[in-house]
Amino acid sequence: MPFLSATLDRVKPSPTIAVTTLAQELKAAGRDVIGLGAGEPDFDTPDNIKAAAVAAIEAGKTKYTAPDGMPELKQAIVTKFARENGLSYSTGQISVGTGGKQILYNALMATLNPGDEVIIPAPYWVSYPDMVLLAGGEPVAVECGIETGFKMTPDQLEAAITPRTKWLIFNSPSNPTGAGYTRDELKGLTDVLMRHPQVWVMSDDMYEHLVFDDFTFTTPAQVEPGLYDRTLTCNGVSKAYAMTGWRIGYAGGPEALIKAMGKIQSQSTSNPCTISQWAAVEALNGPQDFLAENRATFQRRRDLVVRMLNAAEGVDCPTPEGAFYVYPSIAGCIGKTSAGGAKIETDEDFSRALLEETGVAVVFGAAFGLSPAFRVSYATSDAQLTEACTRIQRFCAGLK
Ligand SMILES: Cc1ncc(COP(=O)(O)O)c(C=O)c1O
């Protein structure tokens, strides 16, 4: 009898973490590597948030809390949803987990039965399909190409829904494309969902605060109040407040679902780190000016990267509405051979040759379910971005 669970055969390790690890190894071996693979802001957590954590430690707030979050943080989340999203939740409708990742995972574990389908617009964040598989469900990827700005159309959603569809996972702005749905675009999707009462929405709003130009963020339960009773609105402090390592994510949703998610957490990890919860209270209740400064920095970097990548031969890089990623198509590079002699048949070939020949680490599109493309995370300095994009231009110019 095999020792490892058969469930494990259904999933793969995170390819984005694999790229970051490979780049770190090359760096450790003395290579001049620029990593554009990481999915986290490069700035430090703001001082007021760090100070709140230190104060919590000094005040002895270091014990267990309620498994799915302490009342003070749940109240701060209730206030945040009302203030920023026009959504009214009670504290009994809030769950706090160890990162947004645990929240999404708990929700899928709490609801999926064998054969249940989950619609995932592609390109998608790498963890969605594997989490669905771990929870025993069936991911249904719907390819949303560059021609629709990587956004799912109402017709595509309608065509993907079956009687077995349990969830749509909605992520705007998106990892990996940065695409953000306008209110009208989102309304097109929620209108479809209103016709299919068996389908719930898991809205992953992790990049809510990273939006550019005059883009206005909206979330499904806000755009269509008729969906409030079957929407889980997920968010977290990781990306907005540069708190990836603190591991706090949260969601608001129907009480029965929130209770079921809490049951799973109470029998697995129990409460997220108490000190991090106090830090998250300060992040949500404290001064918010940090967010605008962040946005300005990321917008400047986005513009730099989009301009430089579009100047690379065979590369077509749309301008995203948010997050800190771009997702250029490399259709014009496929079938060529690099200056170092590598045949570029796939986007994986492209990213491997790019790393080996220029030291620039990006994540290939196949990892996110839409090829041929690659993802650049521009959460690094302007100088590094300029150097990396110059190397990409040189690499592409060398393709014959
Ligand atoms: C779209 C999306 N959702 C959720 C997460 C998970 O965030 P956390 O670090 O809070 O678990 C990430 C992190 O990369 C993400 O990109």
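Reading the values: the criteria
- Residues numbered from 1 in each chain as written.
- Predicted model: local features only at pLDDT ≥ 70, side-chain atom pairs only at ≥ 80, totals over all residues.
- Heavy atoms only, no water.
- Salt bridge = Lys/Arg side-chain N within 4 Å of Asp/Glu carboxyl O.
- Helix = DSSP H or I, 4+ residues; strand = E, 2+ residues; numbered from the N terminus.
- Buried < 20%, exposed > 50% of the residue type's maximum accessible area, 1.4 Å probe, protein only.
- Domains from an automatic or database assignment.
- Contact = heavy atoms within 4.5 Å.
- Buried area = accessible area lost by both parts, 1.4 Å probe.
- Polar contact = N/O pair within 3.5 Å; in protein donor to acceptor, adjacent residues only side chain to side chain.
- Pairing = 2+ DSSP bridges.
- Near = heavy atom within 4 Å.
- Areas by Shrake-Rupley, 256 points an atom, 1.4 Å probe, with all protein chains shown as cover.
- Right-handed = clockwise from strand over helix to strand, strands pointing away.
- Phe/Tyr/Trp six-rings, centres within 6.5 Å; stacked < 30°, edge-to-face > 60°.

A. Representation of the pattern of salt bridges within the structure. One pass over the structure, following the stated rule, counts 22 salt bridges. Note that Glu185 is salt-bridged to Lys151, the shortest N-O span being 3.0 Å. Of this pair, Glu185 sits in helix 7 (residues 183–194) while Lys151 is found in the loop between strand 4 (138–143) and helix 6 (154–160), placing the two residues 34 residues apart along the sequence. Take Glu185: its relative accessible area is 33%, and that puts it in the partly exposed class. Put simply, Asp42, Arg300, Arg301 and Asp382 are held in one network by salt bridges that share partners.

B. Looking closely at the domain arrangement of the protein. In terms of domain boundaries, the protein breaks down into domain 1 (6–44 + 290–397) and domain 2 (63–285). Taking only C-alpha atoms into account, the centre of domain 1 sits 26 Å from that of domain 2. Contact with domain 1, which involves 36 residues of that partner, is made by 37 residues of domain 2. Surface buried jointly by domain 1 and domain 2 totals about 3,100 Å² across both partners, of which 61% is contributed by carbon and sulfur atoms. Interface area lost by domain 1 to domain 2 is led by Arg10, Glu321 and Leu370, which between them contribute 21%. If you look at where domain 1 meets domain 2, you find three salt bridges. When the shortest N-O distance is used, the salt bridge between Lys151 and Glu321 registers 3.2 Å. Summed over the shared surface of domain 1 and domain 2, the result is 17 residue pairs in polar contact (both at pLDDT 80 or more).

C. Up close: the sheet that holds strand 14 (residues 374–377). Strand order in the open sheet made by the three strands is 9-14-13, with antiparallel pairing throughout. Where the open sheet ends on each side, the last strands, each with one partner, are strand 9 (325–326) and strand 13 (363–364). Alignment of strand 9 against strand 14, held across two bridges, turns out to be antiparallel. Among the inter-strand pairings, Val326 is bridged to a residue of strand 14, identified as Val376.

D. Seen up close, unusual backbone geometry. Pro173 follows Ser172 through a cis peptide bond whose omega is -15 degrees. Within the element layout of this structure, Pro173 appears in the loop between strand 5 (165–171) and helix 7. Of note, the bond from Ser371 into Pro372 is cis; its omega dihedral lies within 30 degrees of zero at -5 degrees. Inspection of the secondary structure assignment puts Pro372 in the loop between strand 13 and strand 14.

E. Fine view of the site of the ligand. Neighbouring the ligand are 13 residues; Gly100, Asp204, Tyr207, Ser238 and Lys239 lie closest to it. In the model, an oxygen atom of the ligand is placed 2.7 Å from a nitrogen or oxygen of the Gly100 main chain. A distance of 2.9 Å separates an oxygen atom of the ligand from a polar atom in the backbone of Lys101. Here the ligand, which alone exposes 390 Å², has 93% of that area covered by the protein. Considering every element that reaches the shell around the ligand, the biggest residue donor is helix 4 (residues 99–111), with three residues.

F. Quick peek at the pairing of strand 6 (residues 200–204). For strand 6, the tally of buried residues reaches four of five residues, placing the bulk of the element in the interior. Note: strand 5 against strand 6, five bridges, orientation parallel. In the strand pairing of strand 6, Leu168 is matched with Val201. On the question of chirality, the crossover connecting strand 5 to the parallel strand 6 by way of helix 7 is right-handed.

G. Just the packing of aromatic side chains, in detail. According to the stated counting rule, one finds 17 aromatic pairs in the structure shown. Taking 6.5 Å as the distance between ring centres and 85 degrees as the angle between the ring planes, the aromatic pair formed by Phe43 and Phe290 counts as edge-to-face. Taken together, the positions of Phe43 in the loop between strand 1 (34–35) and helix 2 (47–58) and Phe290 in helix 11 (residues 289–310) put the pair 247 residues apart, joining distant regions of the chain. Given the relative accessible area of 21%, Phe43 is considered partly exposed. Each ring, one from Phe150 and one from Tyr327, has its centre 5.4 Å from the other, and the planes form 85 degrees; the classification is edge-to-face. On the criterion of sequence distance, the pair formed by Phe150 in the loop between strand 4 and helix 6 and Tyr327 in the loop between strand 9 and strand 10 (336–337) is long-range, its members being 177 residues apart. On the accessibility criterion, Phe150 (10% relative accessible area) is buried. Using a relative accessible area of 1% as the deciding quantity, one classes Tyr327 as buried.

H. Here's a closer look at the pairing of strand 2 (residues 94–97). A two-sided burial pattern is seen for strand 2, the buried positions comprising Ile94 and Val96 on one face and Ser95 and Gly97 on the other. Sheet topology note: the strand 2/strand 8 (residues 249–252) ladder contains four bridges and is antiparallel. Looking across to strand 8, one finds that Ser95 is bridged to Ala251.

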